[in-house]
Number of protein chains: 2
Amino acid sequence: MLQVSRKFEYGLHAVTYLATKGLGRVVTVKEMADEMGFSQEFLSKAMQSLKRAGIAASVQGVKGGYRLGKAPEEITVADIAIAIEGEPHLVRCGVKADRCEIFSSCHHRGYMNILQHKIQALLDETTIHTLLKEIER
Amino acid sequence: MLQVSRKFEYGLHAVTYLATKGLGRVVTVKEMADEMGFSQEFLSKAMQSLKRAGIAASVQGVKGGYRLGKAPEEITVADIAIAIEGEPHLVRCGVKADRCEIFSSCHHRGYMNILQHKIQALLDETTIHTLLKEIER
DNA sequence: TTAAATAGGACTATTTTAAACCTATTACCC
DNA sequence: GGGTAATAGGTTTAAAATAGTCCTATTTAA
């Protein structure tokens, strides 16, 4: 419970990599995967998700690769999480047709939703910029 | 990512059930499972976890069942989560021998740990008592 | 002594996550 | 133009986690 996925971890590492070692150039998935010891194919999926969300930008073809699509100040951890994992749902209730047996009488949905928004707010208050500053120290 | 398990949901429902409809008596798993439409066997596992944590108390034998093991003011959502899911680990790093390829040079562990503690604090600040008060409104 | 309950180990099924595979497309460079 | 190194993305497979079932033992009221 309450654990982030590896894909998210890969994505977060990739973003900080681009923000520190990818300045003024594009970086290949191969370079990042080698450097960080990740699966190249799998990291590639994460990069594609980040690209679709505008967090990364890509250049195709030989000499291609990725760079950040926004300034580190404008990318939050929440952005990365949503890009890779989709909108968060702490509980299943109410997602599409998924309502449990006691949906109508359920007492917790309200609380769980508030909780989810608070967690989301935590992820939202850290940008890559502030994350990197903390690391420097 | 970041979704609670059904076992936790079952457990939370069971605890609020005991706190509202289980006053001055013991409640069987069968009653709760029927009332809430859950699997009796599975809810039973959750109750056993809650019992081991002291959140619920049990009476064995015919006429047996469960009641709360503490006052609703003394049970937090975090207590229930830990009883059922064990200690939370937002990331896998450092749990037992599980260190990823870049453990020694990893930049995020510190941040993720802080994040985890903040989430934990959110779960810790809601007791069953306050949860029920919110529901009443 | 029977029956209704919890206790808990072992197993199975389902779902999710992680990873690999494969083909297409893009664009640099010779 | 052809070869090659890269992203793009769909499909499939493998592994792990979750959810649920099954079975047996123990407890205790009647």
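Our subject is the structure listed above.
Residues numbered from 1 in each chain as written. Chains lettered and ligands numbered in written order. Predicted model: local features only at pLDDT ≥ 70, side-chain atom pairs only at ≥ 80, totals over all residues. Heavy atoms only, no water.

### Quick look at the relation of the copies chain A and chain B
Part 1 of the argument: Rotating chain A by 180° and moving it 0.0 Å along the rotation axis overlays it on chain B with an RMSD of 0.1 Å. Taken together, the rotation and translation relating the two chain copies correspond to the operation of a two-fold axis. Among all C-alpha atoms of chain A, that of L2 of chain A lies closest to the rotation axis, at 2.1 Å. (Least-squares fit on C-alpha atoms with pLDDT ≥ 70 in both.)

### Details of the protein's contact with DNA strand C
Part 1 of the argument: Around DNA strand C there are 28 residues in total, and Q60 of chain A together with K45, S58, Q60 and Y66 of chain B lie nearest to it.
Part 2 of the argument: Here DNA strand C approaches the protein such that, of its atoms within 4 Å, sugar and phosphate make up 62%.
Part 3 of the argument: Within the contact set of DNA strand C, a base nitrogen lies 3.2 Å away from a side-chain nitrogen or oxygen of Q48 of chain B.
Part 4 of the argument: In this structure, a phosphate oxygen belonging to DNA strand C sits 3.4 Å away from a side-chain N or O atom of R52 of chain B.
Part 5 of the argument: Looking at the surface near DNA strand C, the elements with two or more residues in it are α1 (6-21) and α3 (40-52) of chain A together with α3 (40-52), β1 (56-59) and β2 (65-68) of chain B.
Part 6 of the argument: Per element, the largest residue contribution to the surface near DNA strand C is 4 residues, and it comes from α3 of chain B.
Part 7 of the argument: Taken together, the residues of the surface near DNA strand C sort by class into 8 nonpolar, 11 polar and 9 charged. (Near = heavy atom within 4 Å. Polar contact = N/O pair within 3.5 Å; in protein donor to acceptor, adjacent residues only side chain to side chain. Helix = DSSP H or I, 4+ residues; strand = E, 2+ residues; numbered from the N terminus. Nonpolar A, V, L, I, M, F, W, Y, C, P; charged D, E, K, R; others polar.)

### Quick look at the pattern of salt bridges
Part 1 of the argument: As enumerated under the stated definition, the model contains 10 salt bridges over all chains in all.
Part 2 of the argument: When the shortest N-O distance is used, the salt bridge between K118 of chain B and E125 of chain A registers 3.6 Å. In this pair, K118 of chain B sits in helix α5 (residues 109-124) while E125 of chain A sits in the loop between α5 (109-124) and α6 (128-136), so the two residues belong to two different chains.
Part 3 of the argument: For K118 of chain B, a relative accessible area of 37% corresponds to the partly exposed category.
Part 4 of the argument: Of the charged contacts, one joins K21 of chain B and E35 of chain B as a salt bridge, the two residues approaching to 3.9 Å between their closest N and O atoms. Remark: E35 of chain B occurs in helix α2 (residues 29-36) and K21 of chain B occurs in helix α1 (residues 6-21); sequence separation between them is 14 residues. (Salt bridge = Lys/Arg side-chain N within 4 Å of Asp/Glu carboxyl O. Buried < 20%, exposed > 50% of the residue type's maximum accessible area, 1.4 Å probe, protein only.)

### With respect to the nonpolar core
Part 1 of the argument: The biggest cluster of nonpolar side chains holds 90 residues, and the ones touching the most others in it are M47 and I80 of chain A together with M47 and I80 of chain B.
Part 2 of the argument: Each residue touching M47 of chain A, except ones within four places of it in the same chain, is listed here: A14, L18, V29, M32, A56 and Y66 of chain A. (Core = buried A, V, L, I, M, F, W, Y, C linked by side-chain atoms within 4.5 Å. Contact = heavy atoms within 4.5 Å.)

### A closer look at the packing of α5 of chain A against α5 of chain B
Part 1 of the argument: Running from amino to carboxyl end, α5 of chain A crosses α5 of chain B at an angle of 155°, the nearest separation of the two axes being 10 Å. Here α5 of chain A is positioned roughly antiparallel relative to α5 of chain B, judged by the angle of their axes. Note that α5 of chain A runs across α5 of chain B; the crossing there is right-handed. Seen from α5 of chain A, the contacting residues are Y111, L115, K118, I119, L122 and L123 of chain A; seen from α5 of chain B, they are Y111, L115, K118, I119, L122 and L123 of chain B.
Part 2 of the argument: Tallied by class, the residues present in the contact of α5 of chain A with α5 of chain B amount to 10 nonpolar, no polar and 2 charged. (Axes fitted to C-alpha atoms, helices over the stretch in contact; angles between N-to-C directions. Parallel < 35°, antiparallel > 145°, perpendicular 65-115°, else oblique. Left-handed = near helix turned anticlockwise from the far one by under 90°.)

### What to know about the protein's contact with DNA strand D
Part 1 of the argument: Surrounding DNA strand D, one finds 28 residues, the nearest of these being K45, S58, Q60 and Y66 of chain A together with Q60 of chain B.
Part 2 of the argument: Taking the atoms of DNA strand D that fall within 4 Å of the protein, sugar and phosphate contribute 61% of them.
Part 3 of the argument: For DNA strand D, a phosphate oxygen lies 3.4 Å from a polar atom in the side chain of R92 of chain A.
Part 4 of the argument: For the surface near DNA strand D, the secondary structure elements donating two or more residues are α3, β1 (56-59) and β2 (65-68) of chain A together with α1 and α3 of chain B.
Part 5 of the argument: The biggest single contributor to the surface near DNA strand D is α3 of chain A, with 4 residues.
Part 6 of the argument: Grouping the constituent residues of the surface near DNA strand D by class yields 8 nonpolar, 11 polar and 9 charged.

### Topic: the packing of α3 of chain A against helix α4 (residues 77-85) of chain A
Residues and elements named next belong to chain A.
Part 1 of the argument: Contact geometry for α3 and α4: axes closest at 8 Å, N-to-C directions at 115°. As the angle between them shows, α3 and α4 are arranged roughly perpendicular. Of the two possible hands of crossing, α3 and α4 adopt the one that is right-handed. On the side of α3, the interface is formed by A46, S49 and L50, while α4 contributes I80, A83 and I84.
Part 2 of the argument: Residues that form the contact of α3 with α4 fall into these classes: 5 nonpolar, 1 polar and no charged.

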